[in-house]
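One-letter residues, chain by chain:
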Amino acid sequence: MNRSTSQEVKPETKNNNDLNRSKSSTLEFENNSVINRLDKIKGEGNDYFRNGKYAEACDKYYEVLNEISYLSDKDSTKYKKELEELEILCRLNIANVKLKTEDYDLVIRECAKVLRKNDNNFKAHYRSGVGYFKRGDYNKAESHFIRAREINKSEESAQSIYS
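Residues numbered from 1 in each chain as written. Predicted model: local features only at pLDDT ≥ 70, side-chain atom pairs only at ≥ 80, totals over all residues. Heavy atoms only, no water.

The next thing to look at is the packing of helix 4 (residues 104-117) against helix 5 (residues 122-135). Relative to each other, helix 4 and helix 5 sit at 150°, their axes nearing to 9 Å. Comparing their axes, helix 5 and helix 4 come out roughly antiparallel. Here helix 4 and helix 5 pass one another in a crossing that is left-handed. Within the contact between the two elements, helix 4 uses Tyr104, Asp105, Val107, Ile108, Cys111, Val114 and Leu115 and helix 5 uses Ala124, His125, Arg127, Ser128, Gly131, Tyr132, Lys134 and Arg135. (Axes fitted to C-alpha atoms, helices over the stretch in contact; angles between N-to-C directions. Helix = DSSP H or I, 4+ residues; strand = E, 2+ residues; numbered from the N terminus. Parallel < 35°, antiparallel > 145°, perpendicular 65-115°, else oblique. Left-handed = near helix turned anticlockwise from the far one by under 90°. Contact = heavy atoms within 4.5 Å.)

Right, let's get into the packing of aromatic side chains. Under the definition given, this model contains four aromatic pairs. Members of the aromatic cluster, each reached through a chain of ring pairs, are Phe122, Tyr126 and Phe145. (Phe/Tyr/Trp six-rings, centres within 6.5 Å; stacked < 30°, edge-to-face > 60°.)

Geometry of a packed helix pair, given as the angle between the helix axes and the separation of the axes. Between helix 3 (residues 80-100) and helix 4, the shortest axis-to-axis distance is 8 Å and the interhelical angle comes to 160°. When the axes of helix 3 and helix 4 are compared, the pair comes out roughly antiparallel. Between helix 3 and helix 4 lies a crossing whose hand is left-handed. Across the interface between the two elements, Glu84, Glu87, Ile88, Arg91, Leu92, Ile94, Ala95, Lys98 and Leu99 of helix 3 pack against Tyr104, Leu106, Val107, Glu110, Cys111, Lys113, Val114 and Lys117 of helix 4. Looking at the contact of helix 3 with helix 4 residue by residue, the class counts come to 10 nonpolar, no polar and seven charged. (Nonpolar A, V, L, I, M, F, W, Y, C, P; charged D, E, K, R; others polar.)

This next bit is on the pattern of salt bridges. Enumeration according to the criterion identifies 13 salt bridges in this entry. Here arginine 37 ties to glutamate 67 by a salt bridge, and the two come within 3.2 Å at their closest N and O atoms. Remark: glutamate 67 occurs in helix 2 (residues 54-74) and arginine 37 occurs in helix 1 (residues 16-50); sequence separation between them is 30 residues. Taking the relative accessible area as the measure of exposure, arginine 37 reaches 39% and is therefore partly exposed. One salt-bridge network, in which partners are shared between bridges, spans Glu84, Glu87, Arg91, Glu110 and Lys117. (Salt bridge = Lys/Arg side-chain N within 4 Å of Asp/Glu carboxyl O. Buried < 20%, exposed > 50% of the residue type's maximum accessible area, 1.4 Å probe, protein only.)

Our focus in this paragraph is helix 5. Here helix 5 is 14 residues long and its end C-alpha atoms lie 20 Å apart, about the 20 Å a rise of 1.5 Å per residue gives. Summarising burial for helix 5: 10 of the 14 residues are buried, a large majority. Capping the start of helix 5 is the job of one residue whose side-chain oxygen sits 3.1 Å from the backbone nitrogen of lysine 123: asparagine 121. Looking one or two residues past helix 5, glycine 136 carries a phi angle of roughly 90°, positive in sign. (Expected span 1.5 Å × (residues − 1). Polar contact = N/O pair within 3.5 Å; in protein donor to acceptor, adjacent residues only side chain to side chain.)

Within the secondary structure, leucine 83 is located in helix 3. Separated by 14 residues in sequence, leucine 83 and serine 69 place their C-alpha atoms 9.3 Å apart. Aside from chain neighbours lying at most four places away, what touches leucine 83 is Ile35, Leu38, Ile68 and Leu71.

Here the focus is the side chain of lysine 42. With respect to the helices, strands and loops of the structure, lysine 42 is situated in helix 1. Apart from the residues within four sequence positions on either side, lysine 42 is in contact with Tyr61, Val64, Leu86, Leu89, Cys90 and Asn93.

Have a look at this one:
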């Protein structure tokens, strides 16, 4: 009993779509793990900040920034947006630390990096305004406070300083 068929029986293998989905899922898991790990490090920095350990807080924020820089150079994933948001948060946190330690040049520098990515960032404009004000550059301070107020008209901090 010899049956002739035109179909060959092939061993079961995953098709390309399954493989791509599998690679995508693995990459997604890896990227989520990296983002979660970096977010945890940022959280450790926040804990240090709340406890007045500003140098340690800054070290944690810079650790996250260094990792983000490495990942950005290495990979162009769909998680670039999440990494950029995390970078902005860390730079704003560094600026906040530097306000506490009265390093106004670094406040201004970190906020400028944020504003290059997002000119509508209230905190960056507000903290820049404080930095310039404390340095005695009242014109630049004024322009940042005005911009902060335009971005967030309900924010009392900016309004009370420049009203």
